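# Structural overview for review
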Amino acid sequence: MSKLLQKGWRPAAVLLLLLCIWEAAVHLANIPRWLLPAPTSIALEFGNGFGGLMPHLQSTILLTIGGFLIGCTIGIIVAIVLHMLPGVQEAVYPLLILSQNVPIIVLAPLLVIWFGFGLLPKIIVITLVCFFPVTIAAMNGFRTTPSEMKHYMLMAGAKKTQLFAKLEWPHALPAVFSGLKISATYSVMGAVISEWLGAKKGIGVYMTLASSSFRTDRVFVAIFIIMIVSLVFFGLITAAERWALKWREEES
Amino acid sequence: MALLKIEHLSKSFDHLHVLEDIHLHVNAGEFVTILGPSGSGKSTLFHLIGGLLKPDEGKIRLNGEDMTGKRGLISYMPQQPTLFPWRTILDNVLLGQELQGKRDEQLAIEMIEKAGLAGYENAFPGQLSGGMKQRVAFIRALLSPQSLICLDEPFSALDDFTRLEMQQWLLSTWTTYQKTILFITHSIEEALFLSDRIIVLSTNPATVKQEFIIPFERPREKSLILSSEFLQWKRELTESIFER
Ligand SMILES: Nc1ncnc2c1ncn2[C@@H]1O[C@H](COP(=O)(O)OP(=O)(O)OP(=O)(O)O)[C@@H](O)[C@H]1O
Ligand SMILES: [Mg+2]
């Protein structure tokens, strides 16, 4: 805990300073509320509207977790398959990159046309933004397995599955976790965007309603909630990483 | 009968002729050293024996059976320790056994303790010094179920103090566990101190140049390397290496 305090006070101080400047600027320049609300009025709105926010928040978090789990699982499976089949990898790699060049904003309405307003198009959107960092990171981790270690395993008579399970997978795990961390933050964004497609609940819905009625303070509440949820997600993955990669901690 | 027998072995990489018509054998229980300069193809020879590479010509036999190109029949300690950083020392040491089936933790713990690494069973390799890592890599090779152990310059990265200590430790462990060792080095002294027999390789391409049977009695003490007999042998080996 004291370590967190030691490391955390600098960014916290900067954040606080920024908020103070924002607050002062809004008051000094007399900026109207619907244009840019002061941090205090955002906080006030957050406090007042918290009860109404909860269902939105809950549904977004569930969607994020579901999409993240599905997206990352697919990402890891794709990485393993492509690693095991180098010929396929060559053929499919450009497609993977292309999949990231399709703007989600354009794709999202199409998905609704194809799959309706249900859960499926939303999960597809989150999966599309989630799997790529994980796939690339995992493939890179598999590929960079030191050749001396591979030679040792092969000469010791390791089968292909043993080589993967005992060497390539654990070696790639740190890389996989960096991919997971990126995906964790993306998945929150993905969930919010997918809620714009049409949903009954969710931070994305709350946000659209707020901006169409010029409740700028509520838009900012949504923004801050998205940031906090992203941070918490990132923190959870980091904690899981610490636990899974204990050997790295003890090395340093 | 010889445990390992290598006949007419040749290997080239593209246009580089590395090994030329290598003949050698290792008897069960013997400690044989291959002595050759850096880049002569010693590691390549081990990769051939281990089945990682296929020879252009020649056969490798284990107990009379053709094992050319087959993997998993010898135990191996690579030139770098190549311990797996995510495995504890105990799990590292058991890796060779794990690949072949059963784990014998009792024996592993005993050997870790005998190697002076008691208390490190659950440590990770990152916490160990170079010499300790080499010990772990050697125990891993020793615990593997195969009877022939191939050691590729295990001590070349160590300082003089540690090396001499490790050589003695290697000898005492070897006598206890009754394995056959094929050892690679480019150090004449190391070869003399450790071996029953030394096979000297020439370079470009490597061929077996000469073979020496080393008569020093076992167990061998540190003081051996200062005896006049040892120095006499050293001179003889050096001359053999430099004569063309
Ligand atoms: N996979 C490979 N492809 C091409 N050339 C190789 C390969 N492996 C080894 N060589 C070449 O074969 C020669 C012998 O290499 P090797 O590693 O067997 O030498 P060594 O005797 O073990 O040397 P050292 O004592 O430095 O370890 C070198 O010139 C090396 O460049
Ligand atoms: Mg070598």
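Thresholds, definitions, all that
- Residues numbered from 1 in each chain as written.
- Chains lettered and ligands numbered in written order.
- Predicted model: local features only at pLDDT ≥ 70, side-chain atom pairs only at ≥ 80, totals over all residues.
- Heavy atoms only, no water.
- Helix = DSSP H or I, 4+ residues; strand = E, 2+ residues; numbered from the N terminus.
- Buried < 20%, exposed > 50% of the residue type's maximum accessible area, 1.4 Å probe, protein only.
- Areas by Shrake-Rupley, 256 points an atom, 1.4 Å probe, with all protein chains shown as cover.
- Lys, Arg positive; Asp, Glu negative; His and termini not counted.
- Charge placed at Lys NZ, Arg CZ, Asp CG, Glu CD.
- Patch = residues over 30% accessible without salt bridge, like charges linked within 9 Å, V, L, I, M, F, W, Y side chains within 5 Å.
- Salt bridge = Lys/Arg side-chain N within 4 Å of Asp/Glu carboxyl O.
- Expected span 1.5 Å × (residues − 1).
- Bend = angle between axes of the 7 residues up to and from the residue.
- Contact = heavy atoms within 4.5 Å.
- Core = buried A, V, L, I, M, F, W, Y, C linked by side-chain atoms within 4.5 Å.
- Domains from an automatic or database assignment.
- Buried area = accessible area lost by both parts, 1.4 Å probe.
- Polar contact = N/O pair within 3.5 Å; in protein donor to acceptor, adjacent residues only side chain to side chain.
- Nonpolar A, V, L, I, M, F, W, Y, C, P; charged D, E, K, R; others polar.
- Pairing = 2+ DSSP bridges.
- Donors = N, O, S within 2.8 Å, 3.2 Å for Na, K, Ca; no water.
- Near = heavy atom within 4 Å.
- Axes fitted to C-alpha atoms, helices over the stretch in contact; angles between N-to-C directions.
- Left-handed = near helix turned anticlockwise from the far one by under 90°.

The next thing to look at is the overall build of chain A. Each helix and strand in chain A was counted, giving eleven helices and zero strands. Within the span of chain A, comprising 252 residues, buried residues form 42% of the whole. Of the accessible surface of chain A, which amounts to about 14,000 Å², a share of 74% is contributed by carbon and sulfur atoms. Side-chain charges in chain A split into 18 positive and 11 negative, and the spacing between the mean points of these groups amounts to 4 Å.

Taken together, Glu20(B), Asp21(B), Asp56(B) and Glu57(B) make up a surface patch of like negative charges. Mapped onto the elements of the fold, Asp56(B) is located in the loop between helix H1 (42-49) and strand E4 (57-62).

Before going further, it helps to examine helix H1 (residues 2-29) of chain A. Side chains three or four residues apart in an α-helix point the same way, a direct result of the helix having 3.6 residues per turn. All names here are of chain A. The end-to-end C-alpha distance of H1 is 40 Å, a good match for the 40 Å that 28 residues give at a rise of 1.5 Å each. Considering bend angle alone, the principal kink of H1 is centred on Gly-8 and spans about 45°; proline Pro-11 follows within four residues of it. Where H1 is concerned, the buried positions are Trp-22, Glu-23 and Val-26. In the core, the buried residues of H1 are packed alongside helix H2 (39-48) and helix H10 (216-244). Positive backbone phi, approximately 55°, marks Asn-30, located one or two places after H1.

Another aspect to go through is the nonpolar core. Core analysis: the largest hydrophobic core is formed by 80 residues, its most contacted members being Leu4(B), Ile6(B), Ile49(B) and Leu182(B). For this core, the leading source of residues is helix H6 (residues 119-143) of chain A, giving twelve residues. When residues are assigned to domains, this core turns out to be shared by domain 1 (1-74 + 163-244) and domain 2 (80-145) of chain B, each giving three or more. Among all residues touching Leu182(B), those that are not within four sequence positions of it are Leu4(B), Val26(B), Val32(B), Ile34(B), Phe46(B), Ile49(B), Leu148(B), Ile149(B), Cys150(B) and Leu151(B). Among the nonpolar cores identified, the runner-up in size contains 49 residues, and Leu117(B), Ala191(B), Phe230(B) and Leu237(B) belong to it.

Residues and elements named next belong to chain A. Spanning 37 residues, helix H8 (residues 160-196) covers only 45 Å between terminal C-alpha atoms, well under the ideal 54 Å at 1.5 Å per step. The axis of H8 is deflected most strongly, by about 45°, at Leu-173, and proline Pro-174 appears within four residues downstream. At the exit of H8 stands Gly-198, carrying a positive phi of roughly 130°.

To continue, consider the interface of chain B and chain A. Each partner contributes to the interface: chain B provides 27 residues, whereas chain A provides 18 residues. Carbon and sulfur atoms make up 70% of the area that chain B and chain A hide from each other, which totals about 2,200 Å². Here chain B is connected to chain A by one salt bridge. The salt bridge involving Lys166(A) is made with Glu98(B); its shortest N-O contact spans 2.7 Å. Run the count over chain B and chain A and you get five residue pairs in polar contact (both at pLDDT 80 or more). A per-class count over the side of chain B that touches chain A returns twelve nonpolar, eleven polar and four charged.

This paragraph deals with the pairing of E4(B). Residue and element names in this part refer to chain B. For strand E1 (residues 2-13) and E4, the ladder comprises five bridges, and the chain directions are antiparallel. Across the sheet, residue Lys-5 finds its bridge partner in E4, namely Arg-61. In this structure, E4 lies alongside strand E5 (residues 65-66), joined through two bridges in antiparallel fashion. Bridging from a neighbouring strand, Arg-61 pairs with Asp-66 of E5.

Next up on the list: the coordination of the magnesium ion (ligand 2). Residues and elements named next belong to chain B. Here the magnesium ion (ligand 2) is held by Ser-43 (OG) and Gln-79 (OE1), and the distances to it run 1.9 to 2.4 Å. Note that Ser-43 is positioned in helix H1 and Gln-79 in the loop between strand E6 (75-77) and helix H2 (89-93), a separation of 36 residues in sequence. On the basis of relative accessible area, Gln-79 is assigned to the partly exposed category, the value being 31%.

The subject of this paragraph is the environment of Trp114(A). With respect to the element layout, Trp114(A) can be found in helix H5 (residues 104-115). Between the C-alpha atoms of Trp114(A) and Leu85(A), which are 29 residues apart in sequence, the distance is 32 Å.

Residue and element names in this part refer to chain B. Under the counting rule described, the total for this entry stands at 21 salt bridges over all chains. Here Glu-165 ties to Arg-135 by a salt bridge, and the two come within 3.7 Å at their closest N and O atoms. Taken together, the residues span a long stretch of sequence, with Glu-165 in helix H6 (residues 160-177) and Arg-135 in helix H5 (residues 130-143) at a distance of 30 residues.

Here we come to the site of ligand 1. All names here are of chain B. With respect to spatial proximity, 13 residues lie near ligand 1, and among them Ser-38, Lys-42, Ser-43, Thr-44 and Glu-153 are the closest. Between ligand 1 and Gly-41 there is a distance of 3.0 Å, counted from an oxygen atom to a backbone nitrogen or oxygen. One of the side-chain nitrogen or oxygen atoms of Glu-153 is found 2.6 Å away from an oxygen atom of ligand 1. Out of a free accessible area of 640 Å², ligand 1 has 60% covered by protein chains. Listing elements by their share of the shell around ligand 1, those giving two or more residues are strand E2 (16-27) and H1. The dominant element in the shell around ligand 1, judged by the number of residues it contributes, is H1, at three residues. Grouping the amino acids of the shell around ligand 1 by side-chain chemistry returns four nonpolar, seven polar and two charged.

Now for the packing of helix H3 (residues 50-84) of chain A against H8(A). The packing of two helices is summarised by the inter-axis angle and the distance between the axes. For the pair H3(A) and H8(A), interaxial distance at closest approach is 8 Å and the crossing angle is 145°. Regarding H3(A) and H8(A), the two cross each other, and that crossing is right-handed.

Take the pairing of E2(B) next. In the case of a regular strand, side chains alternate between the two sheet surfaces. Residues and elements named next belong to chain B. Where E1 and E2 come together, eight bridges link them in antiparallel fashion. Across the sheet, the residue bridging to Ile-6 is Leu-24, located in E2. Counted along the chain from E1 to the antiparallel partner E2, the turn is two residues long, and its residue Asp-14 has a positive phi close to 45°.

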